[in-house]
Amino acid sequence: MTTSAARIETVWETKLPLPLVGRGKVRDIYAVGGDRLLIVTTDRLSAFDVVLPDPIPFKGKVLTQISVFWFDHLKSIVPNHLITAEVDEMNLPAEVKEKFGSLLEGRSMLVRRAQPLSVECVIRGYLTGSGWKDYLKTGATSGHKLPAGLQQCQKLSKPIFTPATKAVTGHDENISFEETVSRIGEGTARKVEALSLGLYERGRDYAETKGILIADTKFEFGLIKNEIVLIDEALTPDSSRFWPKEGYGPGRDQPSFDKQIVRNYLLTLTWNQKPPGPKLPAEVIEKTSRAYREIYRRLTGKEVV
Ligand SMILES: Nc1ncnc2c1ncn2[C@@H]1O[C@H](COP(=O)(O)OP(=O)(O)OP(=O)(O)O)[C@@H](O)[C@H]1O
Ligand SMILES: [Mg+2]
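The model shown is predicted, which means the values in this text are computed figures rather than measured ones.

Each value, and the rule that gives it
In this numbering scheme, every chain counts its residues from 1 along its sequence in written order. By the order in which they are written, chains take letters starting at A while ligands take numbers starting at 1. For this predicted model, a pLDDT threshold of at least 70 governs which residues receive local features, and a threshold of 80 or more governs which side-chain atom pairs are given and counted, while totals over whole chains, interfaces and linings are taken from all residues. For the side-chain quantities, the full set of heavy atoms in the structure was used; hydrogens and water were omitted. Only DSSP runs of H or I with at least four residues qualify as helices, and only runs of E with at least two residues qualify as strands; both kinds are numbered from the N terminus onward. What the globule rule says is 2.2 Å times the number of residues to the power 0.38, and the radius of gyration is computed from C-alpha atoms. Burial classes: relative accessible area under 20% of the type maximum marks a residue as buried, over 50% as exposed, and values in between as partly exposed (1.4 Å probe, protein chains only). Only heavy atoms enter the contact rule, under which two residues are in contact if any of them lie within 4.5 Å. Surface accessibility in these figures is a Shrake-Rupley result with a 1.4 Å probe; residues are shielded only by whichever protein chains are displayed. The sign given to each residue is positive for Lys and Arg and negative for Asp and Glu; His and the chain ends receive no count. One atom stands in for each charge, and that atom is NZ of Lys, CZ of Arg, CG of Asp or CD of Glu. The criterion for strand pairing is that DSSP finds at least two bridges linking the strands in question. All axes are obtained by fitting lines to C-alpha atoms, using only the stretch in contact for helices, and the reported angles, taken between N-to-C directions, cover 0 to 180 degrees. In these notes, residues near a molecule or strand are those with any non-hydrogen atom within 4 Å of it. A 3.5 Å cut-off defines polar contacts: any pair of N or O atoms within that distance qualifies, except that in protein one atom must be a possible hydrogen donor and the other a possible acceptor, and neighbouring residues in sequence count only when both atoms are side-chain atoms. Geometric relationships in this document are graded by angle, where less than 35 degrees denotes roughly parallel, more than 145 denotes roughly antiparallel, 65 to 115 denotes roughly perpendicular, and other angles denote oblique. What fixes the domain bounds is an automatic or database domain assignment. Buried area adds together the accessible area that both of two parts lose upon being put together, with accessible area traced by a 1.4 Å probe. Salt bridges are identified by distance alone: a Lys or Arg side-chain nitrogen within 4 Å of an Asp or Glu carboxyl oxygen. For this analysis, a nonpolar core means a set of buried residues of the types Ala, Val, Leu, Ile, Met, Phe, Trp, Tyr and Cys, connected via side-chain atoms within 4.5 Å.

Some details on the overall build of the chain
- The number of helices and strands found in the chain is seven helices and 19 strands.
- In terms of overall size, the chain behaves like a compact globule, its C-alpha atoms giving a radius of gyration of 19 Å where 305 residues would be expected to give roughly 19 Å.
- The principal-axis extent of the C-alpha atoms belonging to the chain is close to 60 × 45 × 35 Å.
- The burial tally for the chain puts 51% of its 305 residues in the buried class.
- Counting contacts in the chain only where the partners sit at least 6 residues apart, residues at least 24 apart contribute 64% of the total.
- Of the roughly 14400 Å² of accessible surface on the chain, 51% is carried by carbon and sulfur atoms.
- Counting 43 positive and 38 negative side-chain charges, the chain places the averaged centre of each group 2 Å from the other.

Comments concerning the sheet that holds strand β5 (residues 36-41)
- Read from one edge to the other, the open sheet built from five strands follows the order β3-β4-β5-β9-β8, with strand pairing classed as antiparallel. Edge strands, defined here as strands with exactly one partner in the open sheet, are β3 (20-23) and β8 (82-84). Geometrically, the sheet is characterised by an average inter-axis angle of 30° between neighbouring strands, direction not taken into account.
- Helix α1 (residues 59-74) contacts β4 (27-32), β5, β8 and β9 (108-112) of the sheet and is inclined by roughly 45° relative to β9.

Remarks on the site of ligand 1
- With respect to spatial proximity, 18 residues lie near ligand 1, and among them Lys-25, Arg-27, His-81, Arg-112 and Glu-220 are the closest.
- Measuring from a nitrogen atom of ligand 1, one finds a backbone N or O atom of Arg-112 at 2.9 Å.
- Here a nitrogen atom of ligand 1 sits 2.9 Å away from a polar atom, N or O, in the main chain of Ala-114.
- When ligand 1 sits alone it has 610 Å² of accessible area, and the protein chains cover 83% of it.

Let's talk about the packing of helix α6 (residues 260-267) against helix α7 (residues 282-300)
- Here α6 crosses α7 at 155°, and the two axes come no closer than 9 Å. Taken together, the axes of α6 and α7 lie roughly antiparallel to each other. Two secondary-structure elements touch here, α6 through Ile-261, Val-262 and Tyr-265 and α7 through Val-284, Lys-287, Thr-288 and Ala-291.

Some details on the environment of Tyr-200
- Inspection of the secondary structure assignment puts Tyr-200 in helix α5 (residues 186-209).
- Remark: the alpha-carbon pair of Tyr-200 and Leu-235, spanning 35 residues in sequence, is separated by 8.1 Å.
- Apart from the residues within four sequence positions on either side, Tyr-200 is in contact with Ile-123, Gly-125, Tyr-126, Pro-159, Ile-214, Ala-215, Asp-216, Thr-217 and Phe-219.

Here's the deal with the domain arrangement of the chain
- Each assigned domain of the chain is listed with its residue range as follows: domain 1 (2-113) and domain 2 (116-257 + 291-300).
- With 26 residues of domain 1 at the interface, the matching set in domain 2 holds 31 residues.
- Together, Ile-66, Trp-70 and Ile-77 form the three largest contributors to the area buried by domain 1 at its contact with domain 2, with a combined 22%.
- Taken together, domain 1 and domain 2 are joined by two salt bridges.

What to know about the nonpolar core
- Trp-70, Phe-219 and Phe-221 are the most contacted members of the largest nonpolar core, which has 60 residues in total.
- When residues of this core are assigned to domains, at least three map to each of domain 1 (2-113) and domain 2 (116-257 + 291-300).
- With sequence-adjacent residues up to four places away left out, Phe-221 is seen in contact with Val-78, Pro-116, Leu-117, Cys-121, Val-192, Leu-195, Ser-196, Leu-199, Ile-228, Val-229, Leu-230 and Ile-231.

So, unusual backbone geometry
- A cis amide bond, omega 0°, links Pro-275 with the succeeding residue Pro-276.
- By the element assignment, Pro-276 lies in the loop between α6 and α7.
- Not every positive phi belongs to a glycine, and Phe-48 is a case in point at roughly 50°.
- For Phe-48, the location among the structural elements is in the loop between β6 (46-47) and β7 (50-51).
- Phi at Asn-226 takes a positive value of approximately 70°, unusual for a residue other than glycine.
- Tracing the backbone shows Asn-226 in the loop between β17 (212-224) and β18 (227-231).
- Since its relative accessible area comes to 74%, Asn-226 is described here as exposed.

What follows is the structure in structure tokens.
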């Protein structure tokens, strides 16, 4: 379950004596009672929607601790699912706490279980990725008509809401606002659009003071007793594109803090982007791990523990 690479403990997969609700690409999710979940963030890394065979040291801890940081920072905008990230406060069964407490510490969250909305709320503040491709082809991004002559990675005058479906397997797909309305209803669609824009803007402004540009991000919301709640993760390097502010300039690709290091390496291979994913060289793993930790350090001023 845990492996030791260069004396650093990594967590690839957990097997806790609790009912397993699911294993995502990155998280192992367990039920705790009827209305709570224990979300354990492993060190798995997925790129192009394929889980790669090598764990990235500290990644699960960084994702968890960044989310915890943002849930607190953003809680006045919308309630979130986090109950606690302190293992001592989770009231876990003794057999779980005693045997797995140290593994869980720093990489797990006890949360309120929600009914996830079937739409991912993507916000783009800069023109990149599929938004840029869409714009090049059509002059618009997910139905938002944009001015002519914008450059790659240019900051948009206002961030835009470009929802996507949560694909069960494979790649998420951009959908129109109308399709969003048909999935979750017009009232909820308008609410999550406004909430996502508010969350993004608050996070973007804070991150910028720490030398990080958040180019785009994805939020997930769920319903708990008819209330809209922010769930999953928040403004992490897995759910967002983070660029260093220094040296930013439109008209070209941006150097990236995070997974882009892995993506760039993978693009040098002749891999067809289908499972199984290729092994990563030690220096790519190390560089990626350092990048994740650097983001946490910049955002919070603390070291990940
Ligand atoms: N409070 C919550 N209640 C119910 N489900 C949640 C909650 N928070 C997160 N989830 C779900 O837990 C899962 C997180 O797992 P993970 O991030 O590993 O999945 P993923 O690889 O991103 O995508 P997929 O969900 O497609 O496997 C997501 O499906 C998310 O919707
Ligand atoms: Mg996820």
